[in-house]
Amino acid sequence: MKPGVSGDAPARPVEAADSLRLTGEATNLQALERELSTAPAIDTQRVAAVRESLQNGSYKINPDAIASRMLELDQQLQG
């Protein structure tokens, strides 16, 4: 017998009335997964632009924009 499988109750077939209901968070995660699966893994043009900015000293960090995006992501994850 497999671990975690009880021999007391026979497995019942899934009935047509059974359904799956996803929470809002799960639905959001599925949408995010679909979006990420179609996006390229690396934006080479963006990497080149940032690399050039770092090398010539013109790269500026905007802490307000970073904080805003972090808060936005937190709100999205909370649903």
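The structure displayed is predicted, hence computed values, not measured ones.

Caption draft 1: Inspection of the overall build of the protein at higher detail. Of the regular secondary structure elements, the protein holds three helices and zero strands. Helices and strands appear in the protein in the N-to-C order α-α-α.

Caption draft 2: View of helix H2 (residues 44–56). Here H2 is 13 residues long and its end C-alpha atoms lie 18 Å apart, about the 18 Å a rise of 1.5 Å per residue gives. With its phi angle positive at about 80°, Gly57 sits one or two positions after the end of H2.

Caption draft 3: Seen up close, the confidence of the model for the protein. Confidence in the prediction for the protein averages 83 pLDDT; 75% of positions are at 70 or higher. Model confidence for the protein, summarised as mean pLDDT per element, is weakest for helix H1 (residues 24–38) at 88 and strongest for helix H3 (residues 63–78) at 95.

Caption draft 4: Spotlight on H3. Helix length check: H3 (16 residues) gives 23 Å between terminal C-alpha atoms against 22 Å at 1.5 Å per residue, within 8%. Directly beyond the C-terminal end of H3, a positive phi value near 85° is found at Gly79.

Caption draft 5: Focus on a nonpolar patch on the surface. On the surface, a nonpolar cluster with roughly 450 Å² of combined accessible area is contributed by Leu29, Leu32, Leu36, Leu73 and Leu77. Looking at the nonpolar patch, the elements with two or more residues in it are H1 and H3. Sort the elements by how many residues they give to the nonpolar patch and H1 lands first, with three residues. Position of Leu73 relative to the elements: it lies in helix H3. Residue class for Leu73 comes out partly exposed when judged on its relative accessible area of 45%.

About the thresholds
- Residues numbered from 1 in each chain as written.
- Predicted model: local features only at pLDDT ≥ 70, side-chain atom pairs only at ≥ 80, totals over all residues.
- Heavy atoms only, no water.
- Helix = DSSP H or I, 4+ residues; strand = E, 2+ residues; numbered from the N terminus.
- Expected span 1.5 Å × (residues − 1).
- pLDDT = per-residue confidence, 0-100.
- Patch = residues over 30% accessible without salt bridge, like charges linked within 9 Å, V, L, I, M, F, W, Y side chains within 5 Å.
- Areas by Shrake-Rupley, 256 points an atom, 1.4 Å probe, with all protein chains shown as cover.
- Salt bridge = Lys/Arg side-chain N within 4 Å of Asp/Glu carboxyl O.
- Buried < 20%, exposed > 50% of the residue type's maximum accessible area, 1.4 Å probe, protein only.

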